[in-house]
Amino acid sequence: MKFPVASRLQLPPGEWATVLDGLCARFPQIPRDTWLDRFSRGRVQDASGLALGVDTPYRVGMEVRYFREVFDEPRIPFEARIVFADAHLLVADKPHFLPVMPAGRFVRETLLSRLQAQLGNADLVPLHRIDRETAGLVLFSANETTRRAYQDLFRKRLIRKFYEAIAPPLPALSMPHMHSSHLRAGEPFFRMCEADGDANSHTRIEVIERGVDAWRYALQPVTGRKHQLRVHMAALGAPIANDGLYPALRPHAPGDFSRPLQLLAKSLHFIDPLDGRERGFESGQVLSI
């Protein structure tokens, strides 16, 4: 049994008469006829999964779920591995190039969509995300009743995350090294950059293995800013191998899987909030130096 993945939106303040009007205003790039078709097929719902009508009154704060379709969605020819699963938690080992959540041109070809279809659990929700280009561990909540307890681990920074990366040598830098900087949105909008201001991002860097032209690094993000590890390594003069965003924008061609970003979410460690047990998970993937 397959479950389509719903996008969720909490209706913002506005004076629209109906939910339909509000969605059309919120997403002007989507034709009104497309929304009408989604309503007619029950693909716009409330938080409980009840299909909404085109005349449903707009109510600020209401949660709306809607289902997108992408025609001719490209296939990602790599599979994730389930590392652990119980009634409350699932840990997946994600391959490079597979998005965690539906976005842009990817809906079915995402880690969430595949796992929901594979396990028959529409309640799966990722507790955090890693970049599409990054491989490694992703935690999912499998049970809505215990989800908040696991979300609090991330909010309170009670999960220790360790990454590995392949990048040029940094012989002049004393290791281990703590890199701190102020990260903000850059240009174009999907890139981040370092700027003046109080540090809001911190990464601990160690060397695992020294090669001739590249080193294997252990990266521990103390904070979880967007693209933090990629920006920090590039700022130090050691951009992660095959990075198409940092330090310069060099996009990979669609469908080119020949140069995966050499960044791996290697392990996760935390105390389980439900039973107090110490949990530790490790990716089975290996980066080549």
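See the structure printed just above.
Residues numbered from 1 in each chain as written. Predicted model: local features only at pLDDT ≥ 70, side-chain atom pairs only at ≥ 80, totals over all residues. Heavy atoms only, no water.

Draft legend 1. Here's a closer look at the pattern of salt bridges. Summed over the entire model, instances satisfying the criterion amount to 22 salt bridges. For R41, the salt bridge identified is with D37, shortest N-O distance 2.8 Å. By relative accessible area, which is 42% here, R41 ends up partly exposed. A salt bridge links E109 to R114, with the shortest nitrogen-to-oxygen separation between them at 2.6 Å. For E109, a relative accessible area of 10% gives the class buried. Linked by salt bridges that have partners in common, D86, D272, D275, R277 and R279 make up one network. (Salt bridge = Lys/Arg side-chain N within 4 Å of Asp/Glu carboxyl O. Buried < 20%, exposed > 50% of the residue type's maximum accessible area, 1.4 Å probe, protein only.)

Draft legend 2. Fine view of helix α2 (residues 32-40). Turning to α2, its buried residues number three or more, namely W35, R38 and F39. The arc enclosing the buried residues of α2, seen along the axis, measures out at 100 degrees, which places them on a common side. Seen from the open side of α2, the exposed residues pointing more than 90 degrees away from its buried face are D33 and S40. (Helix = DSSP H or I, 4+ residues; strand = E, 2+ residues; numbered from the N terminus. Arc of directions from axis to C-beta.)

Draft legend 3. Structural view of the environment of R250. Mapped onto the elements, R250 comes out in the loop between α5 (228-235) and β13 (263-271). Not counting residues within four places of it along the chain, the set of residues in contact with R250 comprises D243 and G244. Side-chain polar atoms of R250 contact the backbone oxygen of D243, separated by 2.8 Å. (Contact = heavy atoms within 4.5 Å. Polar contact = N/O pair within 3.5 Å; in protein donor to acceptor, adjacent residues only side chain to side chain.)

Draft legend 4. Representation of the packing of aromatic side chains within the structure. Under the counting rule described, the total for this entry stands at 11 aromatic pairs. Ring geometry for F78 versus F97: centroids 6.0 Å apart, planes at 25 degrees, classification stacked. Highlighted residues: F78 in the loop between β3 (63-67) and β4 (81-85) and F97 in the loop between β5 (89-94) and α3 (111-119), separated in sequence by 19 residues. Here a set of aromatic residues connected by ring pairs shows up, and it is made of F27, W35 and Y66. Positioned over the ring face of F27 is R26, at 4.8 Å from the centre of the ring. Here the basic side chain of R210 rests over the ring of W215, its NZ or CZ set 4.7 Å away from the ring centre. (Phe/Tyr/Trp six-rings, centres within 6.5 Å; stacked < 30°, edge-to-face > 60°. Lys NZ or Arg CZ within 6 Å of the ring centre and 35° of its normal.)

Draft legend 5. Highlighting the nonpolar core. By size, the foremost hydrophobic cluster in this structure holds 31 residues, and its most contacted members are F140, Y217, L219, M233 and L263. Secondary-structure elements contributing two or more residues to this core are β5, α3, β7 (135-141), β8 (160-167), β11 (201-210), β12 (215-221), α5 and β13. When sequence neighbours within four positions are dropped, the list of residues in contact with F140 reads H88, L89, L90, A92, V100, L111, L112, L115, L124, V125, P126 and L127. (Core = buried A, V, L, I, M, F, W, Y, C linked by side-chain atoms within 4.5 Å.)

Draft legend 6. Structural view of helix α4 (residues 147-155). Every buried residue of α4 is accounted for by R147, Y150, D152, L153 and F154. Along its buried surface, α4 packs onto β5, β6 (125-126), β7 and β13.

Draft legend 7. Geometry of the environment of L158. Mapped onto the fold, L158 is located in the loop between α4 and β8. In this structure, the C-alpha to C-alpha distance between L158 and F270, residues 112 residues apart in sequence, is 6.5 Å. Beyond its immediate sequence surroundings of up to four residues, L158 is in contact with L153, H269 and F270.

Draft legend 8. The pairing of β11, seen in detail. Pairing between strand β9 (residues 177-185) and β11: 5 bridges, direction antiparallel. In the strand pairing of β11, S180 is matched with H202. Direction of pairing for β11 relative to β12: antiparallel, over a ladder of 7 bridges. If you follow I205 over to β12, its bridge partner there is L219. The hairpin formed by β11 and β12 contains 4 residues between the paired strands. (Pairing = 2+ DSSP bridges.)

By themselves, these figures tell us nothing about what the structure is for.
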